[in-house]
Amino acid sequence: MNADFSKPYDPKETESGIYQMWLDSGYFNPDNLPAAKPHTPHPKPYVIYMPLPNVTGTLHMGHALDNTGSDILIRYYRMKGFRTLWLPGTDHAGIATQYKVEKELRKEGVSRFELGREKFIERVWKWKEEYGGIIIDQLKKLGASADWSRLRFTMDPDYAKDVLQAFVHYYKKDLIYRGLRTVNWCPRCGTSLSELELEHQEEKGALWYIRYPISNEGFQISNYVVVATTRPETMLGDTAVAVNPNDKRYAKLVGKTVRLPLADRTIPIVADMKIDPGFGTGAVKVTPAHDILDFEIGQRHKLPSIQIIDERGKMNANAGSYAGMKTEEARKAIVERLASEGLLEKEEPYVHNVTICYRCGHVIEPIPSMQWFLKMDKLAHSALKTVRSGTVNIQPENFQKIYFDWLENIRDWTISRQLWWGHQLPVYFCKQAANDKFQVPSSKNGNNFVVASEKPKTCPFCGACDMEQSPDVLDTWFSSALWPFAGLSESDRKNYYPGNFVSNARDILNLWDARMIFSGLEFMGKPPFQNVFVHGTILTKDGKRMSKSLGTGIDPLKYIDQYGADATRFAVVWQANGQDIRWDEAAVMAGRKFCNKIWNASRFVLEQTATSKFEIRNSKLAPQTEADKEILSKLAETKKQTEQYIETFEFAKALQNLYDFFWHNFCDTYLEESKKQVTDEKMRPSTQTILRNTLIESLKMLHPFMPFITEAVYQNLNEQSDRFLMTTEW
RNA sequence: GCACCCUUAGCUUAGUGGUAAAGCGUUACAUUGACAUUGUAAAGACCGUAGGUUCGAUCCCUACAGGGUGCACCA
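Residues numbered from 1 in each chain as written. Chains lettered and ligands numbered in written order. Predicted model: local features only at pLDDT ≥ 70, side-chain atom pairs only at ≥ 80, totals over all residues. Heavy atoms only, no water.

**Q** Is there a simple way to think about the protein's contact with RNA strand B in this case?
**A** Around RNA strand B lies a shell of 45 residues, among which Thr 230, Tyr 350, Asn 353, Asn 577 and Trp 663 are the nearest. Backbone atoms, meaning sugar and phosphate, form 65% of the atoms of RNA strand B found within 4 Å of the protein. Separating a phosphate oxygen of RNA strand B from a side-chain N or O atom of Arg 411 is a distance of 3.3 Å. Taking Asn 600, its side chain carries an N or O atom lying 3.2 Å from a sugar or linking oxygen of RNA strand B. The set of elements that each furnish at least two residues to the surface near RNA strand B consists of strand 8 (224–229), strand 13 (344–357), helix 11 (398–408), helix 17 (565–575), helix 18 (586–608) and helix 20 (651–677). Residue contributions to the surface near RNA strand B peak at 10 residues, all from helix 18. Within the surface near RNA strand B, the residues separate by chemical class into 17 nonpolar, 11 polar and 17 charged. (Near = heavy atom within 4 Å. Polar contact = N/O pair within 3.5 Å; in protein donor to acceptor, adjacent residues only side chain to side chain. Helix = DSSP H or I, 4+ residues; strand = E, 2+ residues; numbered from the N terminus. Nonpolar A, V, L, I, M, F, W, Y, C, P; charged D, E, K, R; others polar.)

Written out as structure tokens, the structure is:
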């Protein structure tokens, strides 16, 4: 492969050819790397598990940042002689993918229910085959040197087997249970969500003050408790009024009862520490069925739970005359009714946060639902311990606090989802006793289901029926939490687990990193990596979040296409210090200019040291002038600094330092000086040697950051020892 | 509401207990000699505001303002 030095550097002409050459070499696969180089008699592995991109995804700036950082490390350690594995994969991304295919169906005027589960899943697979590889191709364009021969998908048969086994394992250890709980429910997606899948949005609403008559004191106008609420429609499901035990205003009322307006029921007044006496009237209506906090209060006080809203977000039969209404309609009707009965004390405008689904943006409706939970206390404890002890290191350090906060206050993880696309639970129900599947909690002893990684041949309950698998699927994060080992074959686990490093944005620190850590500890006995690196978020130049829907997104592929992958990588790394990055396009231009500088300097060195004038093999580094000495000492210093910066993940510093060395010390100073030196017969050979040596060393150091151009130049230098710069000894 | 982070040249950001760097931009000059995707030089910052510690603070402490993030949601 020969690049044309007579023209300015053209990444388009070069990059795809170079990448193909690397692919053909097979060196992305560590098993193909030369087994024992002289400097590493027993090469150690260096492993990174790629943060799984969603199959629905296309490359965005966040990926570019994650993966450029990982590729720098992988390429660096590969040149250092390590057996480097960068394990790539894609995530089936339950909700995201299902939502996407459903949208496609909607355009055709079909719903997934009309299609049926089996056909729908077929359709998703088809979609995956067609579009699921896009992001992989895009990562290749970026120059990612991952081992594509090991590419995994989280729904691959082997992977799925591990996922189901993990479920069975937890269940046998009594860490998984099934229960009827008030959970966060998205009426549009039709599924439960975990607390980490929620977002909050400010909304202008109202606070209604409602009078609840104290039941045993007759219905006189002064004898009532006033509760404040933003959701009056849920009062039909109230089963108590709660006050703070230290609140003197209500001390005498605790233990008494009130008559619940609009519903012919009497409910108790209970005392609970969670109630803030300073808010509203200090008295709160308690609706265990439709509020997570109220559910917990209900548990503490053994209150019944009355569901009045169904999974589509409509009032159900328990709501009496309001049944069938949407919650907003019911709210309006109920407020009007209360007002007409003189039970509405006042209404004030109020801005509060509503909880929305992180995927579709629909308002979350907490409803009681039969779900599966993973007990978190022990697992969280192990994940805490491994970071506290320094076995796993989270950088920058202040993110440790976020990690600790979450794990210390953790709730059990709702792992079941009412979706079709995903790993179906390895739970099999007896058909005879299956009527209670969604409504009645089953204890482990008196249950009507079996947890097993394969369907039992005969039903252990009735001995006759063909057992029916639970329709629920697992939370996607349950399966991606297993990625560091489920992505590896049995034999690979011996060589390539645990890994060394993971890099991602802060939003998945708990969602994913924490869960990979405790899963690794649970199933492999060791955490999956030593270093978690949380990088900044790339924002627009004026500090706004990048988002497709807002039109503020910036496509890294646009830059790769226009200015080359190296220039794009340069820009990403150049700006990536610990803080969030206000993306400045000028950095890409700077990267492109730097590429050109490398290109032209290389041409110069090549011309100066063409074999007709110069025999490299016979020359030794023999500095003769001050300039010679200075460039060689600066080179040695730069090399040391580069190693240090890369190994501490300070990529921006490493690159800036290299940039400064190459441009100013090498090009501006030494190259200019060398022009004079080569005119002197005595100095020519040593000058040529130093030129060539410094260039090659620079190319090596720059290679992890800008792999394409450095490899292209190296190929033109016709070095003899290694075929590729990529595998040249550092 | 609680916690954490940020605020440095026109823009995007480094950085240090002794008044500050880089990229882009600007200005002047040079140069077709690897590279005009160039070189040399210059201008440009009271380092968010107000206090405090210190011989001395942009860097440490406190408060405030603006921006951001995490957690909790207050019903």
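**Q** Help me understand unusual backbone geometry in this model?
**A** With glycine set apart, most residues show a phi of negative sign, and most peptide bonds adopt trans. Between Gln 395 and the following residue, Pro 396, the backbone shows a cis peptide bond with an omega angle of -10°. Among the structural elements, Pro 396 can be located in the loop between strand 15 (393–395) and helix 11. Geometrically, the link from Tyr 497 to Pro 498 is a cis peptide bond, its omega value of -5° lying close to zero. Structurally, Pro 498 is set in the loop between helix 14 (490–496) and strand 22 (501–505). Even without a glycine there, the phi angle at Lys 302 is positive, about 55°. By the secondary structure assignment, Lys 302 is in the loop between helix 8 (292–301) and helix 9 (327–340).

**Q** Looking at this structure, how should I read helix 9?
**A** Given 3.6 residues per helical turn, the α-helix brings residues three or four places apart onto the same face. End to end, helix 9 covers 20 Å across 14 residues, agreeing with the expected 20 Å (1.5 Å per residue, within 8%). Those residues of helix 9 that sit buried are Thr 327, Ala 330, Ile 334, Val 335 and Leu 338. In an axial view of helix 9, the angular spread of the buried residues amounts to 130°, which keeps them on one side of the axis. Counted as exposed and oriented over 90 degrees from the buried face of helix 9: Glu 328, Lys 332, Glu 336 and Ser 340. Phi turns positive, to about 75°, at Gly 342, one or two residues after helix 9. (Expected span 1.5 Å × (residues − 1). Buried < 20%, exposed > 50% of the residue type's maximum accessible area, 1.4 Å probe, protein only. Arc of directions from axis to C-beta.)

**Q** I would appreciate a short explanation of the environment of Glu 408 in the present structure.
**A** Counting through the fold element by element, Glu 408 comes out in helix 11. Residues Glu 408 and His 381, spaced 27 residues apart in sequence, show a C-alpha to C-alpha distance of 8.0 Å. Apart from residues no more than four positions distant in its own chain, Glu 408 is found in contact with Leu 384 and Arg 388. For Glu 408, the side chain forms a polar contact with the side chain of Arg 388, separated by 2.3 Å. (Contact = heavy atoms within 4.5 Å.)

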